[in-house]
Amino acid sequence: MLINQTGYELLIWGWIALACFTFIILMFIRAPYGRHLRPGWGPSLPARAGWIIMESPSIILMTTFFGLTVSRWNDINPIGIILYVIWIAHYFHRTLIWPFRAKIQSKNMPISIALFAVLFNIINAWINAEWIFSYYSYPLSWLYSPQFIVGLVIFILGMGINISSDNILFKLRKGGEKEYTIPKKGLFRWVSCPNYLGEILEWVGWAIATWSLAGLSFALWTIANLAPRARSNHQWYQENFSNYPKKRKRLIPGVW
């Protein structure tokens, strides 16, 4: 526990306010990585290395808190273990599997973007790890609470959507193809970015399962980052493909 609980909660409210500000900024400025990469953001590094570096703090910090906490527990807390496992399941995939499956071997990423992401992941992982392992002790009955069950189901559903949507994108560019094409399978039939929808569902599920201000802040940050990104990708598809499906939405089927 690095600060008292009052200071910790005030910090999270400030973190949420920053997420809202970031959402507004990103609705007007396309983050310069992936298909939206452009000059003017300083030196770059290989995209694969950038993804591994910027996602690693989420594994390192959460594992550090978990390890320190387990060493102090008289009785193993199963809720803490389950929450740790689902967090690591996402970030193990995002850090050590996705970068090697994605067709990004010839792409670069601005170092500035990677550093911003490292800072975000340090703060976000610390906030959530502090809640789970320092500020709140979940009773065993939490295992069969409606919040935990619903949240866990939503997280698993979101992770499934995220990974299956990524798999569709990977298959579009077999054999080292560099050109983008229109994805047409799975949830891509209805929205431009179901992979982002899946990730948003993951962290909404996390917020519900933890029933915490820390979890809520992560869900809001995910929306603040990925909703504008979905809007940008949708516009990019429309600008680059004259035959792009006109009824396809950005992120939420039939809604937006």
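Everything here concerns the structure above.
Each value, and the rule that gives it
Residues numbered from 1 in each chain as written. Predicted model: local features only at pLDDT ≥ 70, side-chain atom pairs only at ≥ 80, totals over all residues. Heavy atoms only, no water. Helix = DSSP H or I, 4+ residues; strand = E, 2+ residues; numbered from the N terminus. Buried < 20%, exposed > 50% of the residue type's maximum accessible area, 1.4 Å probe, protein only. Areas by Shrake-Rupley, 256 points an atom, 1.4 Å probe, with all protein chains shown as cover. Lys, Arg positive; Asp, Glu negative; His and termini not counted. Charge placed at Lys NZ, Arg CZ, Asp CG, Glu CD. Axes fitted to C-alpha atoms, helices over the stretch in contact; angles between N-to-C directions. Parallel < 35°, antiparallel > 145°, perpendicular 65-115°, else oblique. Left-handed = near helix turned anticlockwise from the far one by under 90°. Contact = heavy atoms within 4.5 Å. Nonpolar A, V, L, I, M, F, W, Y, C, P; charged D, E, K, R; others polar. Salt bridge = Lys/Arg side-chain N within 4 Å of Asp/Glu carboxyl O. Expected span 1.5 Å × (residues − 1). Core = buried A, V, L, I, M, F, W, Y, C linked by side-chain atoms within 4.5 Å. Patch = residues over 30% accessible without salt bridge, like charges linked within 9 Å, V, L, I, M, F, W, Y side chains within 5 Å.

Visitor: I tried to follow the overall build of the chain on my own but got confused; where do I start?
Guide: When you go through the chain residue by residue, the secondary structure sums to 7 helices and 2 strands. Listed by position from the N terminus, the elements making up the chain come as α-β-α-α-β-α-α-α-α. Across the 256 residues of the chain, 47% fall into the buried class. For the chain, the exposed surface amounts to about 12900 Å²; the carbon and sulfur share of it is 68%. Between the averaged position of the 23 positive side-chain charges in the chain and that of its 10 negative side-chain charges there is a distance of 14 Å.

Visitor: Looking at this structure, I do not really get the packing of helix H2 (residues 47-70) against helix H3 (residues 78-101). What am I missing?
Guide: In a pair of packed helices, the angle between the axes and the distance between the axes together describe the arrangement. Contact pair H2 / H3: the axes reach a minimum separation of 9 Å and the direction vectors enclose 160°. In terms of orientation, H2 lies roughly antiparallel with respect to H3. For H2 against H3, the interelement crossing comes out left-handed. Between H2 and H3, the contacting residues are Arg-48, Trp-51, Ile-52, Glu-55, Ser-56, Ser-58, Ile-59, Met-62, Thr-63 and Phe-66 on the first element and Ile-81, Tyr-84, Trp-87, Ile-88, Tyr-91, Phe-92, Arg-94, Thr-95, Trp-98, Pro-99 and Phe-100 on the second. In the contact of H2 with H3, the residues fall into 14 nonpolar, 4 polar and 3 charged.

Visitor: Would you mind showing me how to read the pattern of salt bridges here?
Guide: With the rule as written, the count across this model stands at 2 salt bridges. Note that Glu-239 and Arg-30 form a salt bridge whose closest N and O atoms lie 3.5 Å from each other. On the criterion of sequence distance, the pair formed by Glu-239 in helix H7 (residues 213-240) and Arg-30 in the loop between helix H1 (5-26) and strand S1 (44-46) is long-range, its members being 209 residues apart. Relative accessible area serves as the criterion here: at 56%, Glu-239 is assigned to the exposed category. The partner of Arg-94 in a salt bridge is Glu-199, and the shortest N-O contact between them spans 3.3 Å. Of this pair, Arg-94 sits in helix H3 while Glu-199 sits in helix H6 (residues 194-210); the two residues are 105 residues apart in sequence, bridging distant segments of the chain. Of the two residues, Arg-94 and Glu-199, both sit in the buried class.

Visitor: Even after reading the chapter, I still don't get H6, so can you show me in this structure?
Guide: Since the α-helix advances by 3.6 residues per turn, residues separated by three or four positions end up pointing in the same direction. Between its first and last C-alpha, H6 extends 24 Å over 17 residues, near the 24 Å set by a 1.5 Å rise per residue. Burial analysis of H6 places 14 of its 17 residues in the buried class, the great majority of the element. One or two steps after H6, the chain reaches Trp-211, where phi turns positive at roughly 50°.

Visitor: So what exactly am I meant to see when it comes to unusual backbone geometry here?
Guide: Of all residues except glycine, most have a negative phi; of all peptide bonds, most are trans. The backbone of Trp-211 shows a phi angle near 50°, a positive value even though the residue is not glycine. Inspection of the secondary structure puts Trp-211 in the loop between H6 and H7. Judged by its relative accessible area of 54%, Trp-211 is exposed.

Visitor: Is there a simple way to explain the nonpolar core in this structure?
Guide: As a rule of thumb, soluble globular proteins bury nonpolar side chains together. Counting 38 residues, the largest nonpolar core has Tyr-8, Leu-83, Trp-87, Phe-133 and Trp-206 as the members making the most contacts within it. Among the secondary structure elements, those contributing two or more residues to this core are H1, H2, H3, helix H4 (111-135), helix H5 (146-172), H6 and H7. When residues in this core are grouped by element, the largest group, 9 residues, is from H4. Formed by 15 residues, the second largest nonpolar core is a distinct cluster that contains Ala-31, Met-54, Met-109 and Ala-117.

Visitor: What is the right way to read a positive patch on the surface from this model?
Guide: On the surface, Arg-101, Lys-103, Lys-171 and Lys-185 cluster together into a patch of positive charge. With respect to the helices and strands, Lys-185 occurs in the loop between H5 and H6.

Visitor: Would you mind going over the packing of H3 against H4 with me for this structure?
Guide: For the pair H3 and H4, the least separation of the axes is 10 Å and the interaxial angle reads 160°. Here H3 lies roughly antiparallel to H4, going by the angle between them. Relative to H4, H3 is oriented so that their crossing is right-handed. Residues Gly-80, Leu-83, Tyr-84, Trp-87 and Tyr-91 of H3 lie in contact with H4, whose contacting residues are Asn-121, Asn-124, Ala-125, Asn-128, Ile-132 and Phe-133. Taken together, the residues of the contact of H3 with H4 sort by class into 7 nonpolar, 4 polar and no charged.

Visitor: I'm lost on the environment of Ala-207 in this one. Help?
Guide: Locating Ala-207 in the fold gives a position in helix H6. The spacing of Ala-207 and Lys-103 is 104 residues in sequence and 31 Å in space, taken between C-alpha atoms.

Visitor: Sorry if this is basic, but what is going on with a nonpolar patch on the surface here?
Guide: Residues Leu-18, Phe-21, Phe-23, Ile-24, Ile-25, Phe-28, Ile-29, Trp-41 and Phe-116 make up a contiguous nonpolar surface patch of roughly 900 Å² in combined accessible area. With 5 residues, the single largest contributor to the nonpolar patch is H1. Considering the arrangement of structural elements, one finds Trp-41 in the loop between H1 and S1. The exposure class assigned to Trp-41 is partly exposed, which follows from its relative accessible area of 31%.

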